[in-house]
Amino acid sequence: MVNPIKAIKKAFKGRKGARGYNDLQAARLLSDWIMSTDDANDRLTQHLGHLRKMCRDLAETNKYTGRYLDLRVMNVVGPNGFQLQSRSVDKRKEKDQYARSVIESKWRDWKLPEFCTVSGDIHGNDEDRLHERTLAVDGEVFILVYPGFDNEHRFAIRTISSDFIDHEFNLKKLSNGNRVVMGKELTPQGQCVAIWLTGEQDGALIKPHQGGKRSRIPCLNQYMKSGGVGAPSKSGYILHHFAKKRPEQQRGVSDLVYALESLRHLERTEEAHHMAARLASCAVFQRVDDNADDWDYEESERFADQMQVTPGFVLRSGLGRKWEILQPQFPNTALPDHAKQTLQGAGASLGISYNAFSGDLEGTSYSSGRLGSLTERDCWKTKQNEAINGRIRPIFNAWLRTQLAYNILGGLAFEEEKKYQAAHIQARRWDHIDPLKDSAGRKSDLQARLTSPQRVIAERGDDIEEVLNEWAEYEALVESKGLIATDFRSSEMEASLSKEEDEEDIEEKYFYDKDKKKKKKKKS
């Protein structure tokens, strides 16, 4: 009898085990996978222009892309925009109330349409929405900043198209030792110090193909490094904001590229579906001739080889001629599932749920809707932080330097610029998904000292000083009228809220059980 252990050892004798990633081994199904060793900038130089055109066309013609752009602008910027909350302190490390109020007030005034932009016709919040929409479509946004501009605040900005920065413009070495990569001038260490514009002439931007010279515009970080009073408004400085996805990447790519193909195919599929519905709603005949020699081309052009039936129509056919009715398969029951699956994949690539992307709330339970909303909000918060760090704060610091240099902030000293830069930029926040339960949870955290009132109020997108001032104003107004202020923390009100919460739990359990029975019945 053969020993099985010896047989196994003999079978594997002389074989060396290979360790590694199984997916990296040559496989038949992955043999057509085309891989590139080019760096990010080389690939972008070849394809960025075409990708940008496709994303722009999709943004202008595709309804789902329009929905995504609206959702992004509404959630990242919101109805009230980014709010500045100064955190200036004096030498004793106590809050400098005068500096805070002056900085916040002047910042709000500057965001008015007549001061914020060079054209003087758009509010600062609307300009932020334009920046976010441009970033979503083009993958990058270029902002010209003009310290020393001729207006009341001596400061203005201007958003320009990325077409004016030639992504194919590359120079290995300039006279100052720098190099140009995709229109951006970089130091040997990789810092961007200037951007080269194509089509600039005498301070005005014209279309690159219409002529114009190539001009060098210093980056905004050079203005903050120099400590100067401000450059002439004709040249200004430039700010480039985009989300890096690879090291050494110099130009931005839109997130729409992940969903580009899916949304385009879905658009064409829906178009075919609508055409099938139109054909199915009316009887259309196609003429078929058995003998091609008897074909009447003039008659063919006149009838366009097809005929649509109208009420009371009588169809007669000659010898050797017959008519076939076109009957497309409609309705197509596979389209809804195909559209849903496509939008689920596209929404996942863009960081939003299917329900928000499509507007389809049918069959959505409370728990799944809550989970989807919480995940989306984390995505929007990430983009808000990118906007604050990449655009809002650099523009605020440049604005603050200009205000101090021209002595516009009510006597605040230029030498103390560093402490005046301390500020919190509050982005929009959202209402609680379940206000009663979430408020009760916040209250429990406050009682256990796991959080602070400042954080709770900041999470709502409000300023604690404004809230407390409004409360003091309310109590003073009530007292001046000889009335007693309502105590909203009374036990009677808490009992009422608890009763409403119990009723909501009962109602939610009822709908949950009802939905569960329906699914069970459908399954059986």
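Preceding block: the structure.
Below you will find a few notes about this structure. (Residues numbered from 1 in each chain as written. Predicted model: local features only at pLDDT ≥ 70, side-chain atom pairs only at ≥ 80, totals over all residues. Heavy atoms only, no water.)

## Observations regarding the overall build of the chain
Across its full length, the chain carries 17 helices and 13 strands. The buried share of the chain, taken over its 524 residues, is 34%. Counted over contacts in the chain with a minimum sequence separation of 6, partners at least 24 positions apart contribute 65%. Summed over its atoms, the accessible surface of the chain is roughly 33,700 Å², and 52% of this surface lies on carbon and sulfur atoms. (Helix = DSSP H or I, 4+ residues; strand = E, 2+ residues; numbered from the N terminus. Buried < 20%, exposed > 50% of the residue type's maximum accessible area, 1.4 Å probe, protein only. Contact = heavy atoms within 4.5 Å. Areas by Shrake-Rupley, 256 points an atom, 1.4 Å probe, with all protein chains shown as cover.)

## Digging into the sheet that holds strand S3 (residues 155-160)
Pairing between sheet strands relies on hydrogen bonds along the backbone, with the strands arranged either parallel or antiparallel. Reading across the sheet, the 3 strands line up as S3-S2-S9 and stay open at both edges, with antiparallel pairing between neighbours. Of all strands in the sheet, those with a lone pairing partner are S3 and strand S9 (237-242), marking the two edges. Across the sheet, the mean angle separating the axes of adjacent strands is 25° when strand polarity is ignored. Across 6 bridges, strand S2 (residues 140-147) lies against S3 in antiparallel orientation. Each bridged residue has a counterpart across the sheet, and for phenylalanine 142 the counterpart in S3 is isoleucine 160. Each of S2, S3 and S9 is contacted by helix H6 (residues 124-138), which is oriented at about 145° to S2, the strand it contacts most. (Pairing = 2+ DSSP bridges. Axes fitted to C-alpha atoms, helices over the stretch in contact; angles between N-to-C directions.)

## A few points about the environment of tyrosine 258
Looking at the secondary structure, you find tyrosine 258 in the loop between S9 and helix H8 (260-280). Overall, the relative accessible area of 49% leaves tyrosine 258 in the partly exposed class. Between the C-alpha atoms of tyrosine 258 and glycine 347, which are 89 residues apart in sequence, the distance is 9.8 Å. Beyond its immediate stretch of four places on either side in the chain, tyrosine 258 contacts Lys245 and Ser349.

## Let's talk about the nonpolar core
Taken as a class, soluble globular proteins show a tendency for nonpolar side chains to be buried jointly. Counting residues in each nonpolar core, the largest one holds 58 residues, and the members touching the most others are Phe82, Ile103, Trp110, Phe357 and Trp399. A total of 10 residues in this core trace back to one element, the largest contributor, which is helix H12 (residues 366-405). Discounting chain neighbours no more than four positions away, the residues touching phenylalanine 357 are Tyr64, Arg67, Tyr68, Leu71, Leu263, Leu343, Ala346, Gly347, Leu350 and Ile352. If you look at the next biggest cluster of nonpolar residues, it comprises 20 residues, including Ile165, Ile195, Leu197 and Ile238. (Core = buried A, V, L, I, M, F, W, Y, C linked by side-chain atoms within 4.5 Å.)

## Structural notes on the packing of aromatic side chains
Inspection of the entire model under this criterion finds 10 aromatic pairs. An aromatic cluster is present here, built from Trp107, Trp110, Phe155, Phe396 and Trp399 joined pairwise through their rings. A cation over an aromatic ring shows up here: arginine 214 above the ring of phenylalanine 169, its NZ or CZ 4.0 Å from the ring centre. (Phe/Tyr/Trp six-rings, centres within 6.5 Å; stacked < 30°, edge-to-face > 60°. Lys NZ or Arg CZ within 6 Å of the ring centre and 35° of its normal.)

## Some thoughts on the packing of helix H2 (residues 40-61) against H8
Each packed pair of helices is defined by two parameters, the angle between the axes and the distance between the axes. Orientation of H2 relative to H8, taken along the N-to-C sense of each, is 45°, at an axis distance of 11 Å. Looking at the two axes, H2 sits oblique to H8. For the crossing formed where H2 meets H8, the hand is left-handed. Counted together, Met54, Cys55, Asp57, Leu58 and Thr61 of H2 and Leu260, Leu263, Arg264 and Glu267 of H8 form the full contact between these two elements. (Parallel < 35°, antiparallel > 145°, perpendicular 65-115°, else oblique. Left-handed = near helix turned anticlockwise from the far one by under 90°.)

## Let's talk about helix H10 (residues 334-350)
With 17 residues, H10 extends 25 Å between its outermost C-alpha atoms, agreeing within 8% with the 24 Å of an ideal straight helix rising 1.5 Å per residue. Within H10 the residues assigned to the buried category are Leu335, Ala339, Thr342, Leu343, Ala346, Gly347 and Leu350. Buried residues of H10, viewed axially, fall in a sector of 130°; they line one side. Turned more than 90 degrees away from the buried face of H10, the exposed residues are Asp337, Gln341 and Ala348. (Expected span 1.5 Å × (residues − 1). Arc of directions from axis to C-beta.)

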